[in-house]
Amino acid sequence: SPSEREIAIDAATDRKNAAMEKQENDDSNQEDDRETKIAQANNFHNAFDKRKVVWREVSAIAMDPFQSYSPRLNLLAKAGFGLAAGVEFNIHGCRGLVVYM
């Protein structure tokens, strides 16, 4: 049967191996996280490059029979705002729309 010393050495070796395995997993997870962040950034930039901003005449939108009536939009058209464009954004799950006029 193994001696107490051998049992202690085996236990220490097991702890060391477990610690090394945990460190390897942590390093691997950090590398995976880094690669994921890079991929997300690339996807964002690729999606941004593919989108085109389309400018429309405010008066044409206000008179469009397929758009619901909007007193604010009609007032903007009467005030002389010529063009408008909307750009969607999604930053860390926070979504919205920026309207440029």
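Our subject is the structure that appears above.
Computed from a predicted model, the values in this text were never measured in an experiment.

Draft legend 1. Fine view of the overall build of the chain. For the chain, the count of helices and strands is three helices and three strands. Every one of the 101 residues in the chain was classed for burial, and the buried ones make up 6%. Sequence separation of at least 24 residues holds for 38% of the intrachain contacts in the chain that already meet a minimum separation of 6. Entry remark: accessible area of the chain is about 9,000 Å², with carbon and sulfur atoms responsible for 55%.

Draft legend 2. A look at the sheet that holds strand 3 (residues 94-100). With antiparallel pairing, the three strands of this open sheet are ordered in space as 1-2-3. Since the sheet does not close on itself, it has two edges, and those belong to strand 1 (56-57) and strand 3, each with one partner. Where strand 2 (residues 83-91) meets strand 3, seven bridges bridge the pair, whose relative direction is antiparallel. Each bridged residue has a counterpart across the sheet, and for glutamate 88 the counterpart in strand 3 is leucine 97.

The rules behind the values
- Residues numbered from 1 in each chain as written.
- Predicted model: local features only at pLDDT ≥ 70, side-chain atom pairs only at ≥ 80, totals over all residues.
- Heavy atoms only, no water.
- Helix = DSSP H or I, 4+ residues; strand = E, 2+ residues; numbered from the N terminus.
- Buried < 20%, exposed > 50% of the residue type's maximum accessible area, 1.4 Å probe, protein only.
- Contact = heavy atoms within 4.5 Å.
- Areas by Shrake-Rupley, 256 points an atom, 1.4 Å probe, with all protein chains shown as cover.
- Pairing = 2+ DSSP bridges.

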